[in-house]
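An overview of the molecular structure
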Amino acid sequence: MLYAIIGEDVPDSLAKRAAVRAAHLARIQELVAAGRIVLAGPFPAIDAADPGPAGMTGSLIVGEFESLEAATAWINGDPYVTEGVFARVTVKPFKQVVP
C-alpha cells in the first residue's frame, strides 16, 4: 500500500538539512531502485524552485510500504528524523487516483 510521509522542518533547518542530505537521499534512492517511490521532494520556504537561503519547510514522500508501521519505522530511521531536521512527521495511508 502507498503511504504519504510528511515531514515538517524545525525552524532554520537549512544547515541541518545540508549536513545529512546525502544520507537522506541515499535512503530514498534505495526505495527508488526497488520501484517503491511514487514521488518525493521538499517544500520550498518561498515561492521559488530554488529558495536559496530561505531553505525548506519540510518534505513529502509517497512510497509503497507493507504497512503503516513499516512506513513509520522507515521514516523514523531517516537522518532527517534522527538528526533533528524534522520537528514533526505524519504518516498516512495514501490512495493514488491520478495519474
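Above: the structure in question.
These lines cover the structure that appears in this document, whether it is placed above or below. Source: prediction; values computed, not measured.

**Here's the deal with helix 2 (residues 68-76)**
It helps to recall that an α-helix has 3.6 residues per turn; residues three or four apart then point in one direction. Considered for burial, the residues of helix 2 that qualify are Ala-71, Trp-74 and Ile-75. Looking straight down helix 2, one finds that the buried residues subtend no more than 90° of arc, so they occupy a single side. Of the exposed residues in helix 2, the ones pointing more than 90 degrees away from its buried face are Glu-69 and Ala-73.

**Description of the pairing of strand 3 (residues 56-64)**
Bridge analysis of strand 1 (residues 2-9) against strand 3 gives 7 bridges, and the strand direction is antiparallel. Bridge assignment links Leu-2 to a residue of strand 3, and that residue is Glu-64. Here strand 2 (residues 37-44) runs beside strand 3; their pairing, made up of 7 bridges, is antiparallel. Residue pairing across strands places Pro-42 opposite Ser-59, the latter belonging to strand 3.

**A look at helix 1 (residues 14-33)**
Counted at 1.5 Å a residue, the expected span for helix 1 with its 20 residues is 28 Å, and the 27 Å between its end C-alpha atoms agrees. The largest bend in helix 1 is about 55°, located at Val-20. Three or more residues of helix 1 are buried, namely Arg-17, Val-20, His-24, Arg-27, Ile-28 and Leu-31. As for helix 1, its buried residues are in contact with strand 1, strand 2, strand 3, helix 2, helix 3 (79-82) and strand 4 (86-94). Positioned one or two residues after helix 1, Gly-35 has a phi angle of 70°, which is positive.

The rules behind each value
Residues numbered from 1 in each chain as written. Predicted model: local features only at pLDDT ≥ 70, side-chain atom pairs only at ≥ 80, totals over all residues. Heavy atoms only, no water. Buried < 20%, exposed > 50% of the residue type's maximum accessible area, 1.4 Å probe, protein only. Helix = DSSP H or I, 4+ residues; strand = E, 2+ residues; numbered from the N terminus. Arc of directions from axis to C-beta. Pairing = 2+ DSSP bridges. Expected span 1.5 Å × (residues − 1). Bend = angle between axes of the 7 residues up to and from the residue. Contact = heavy atoms within 4.5 Å.

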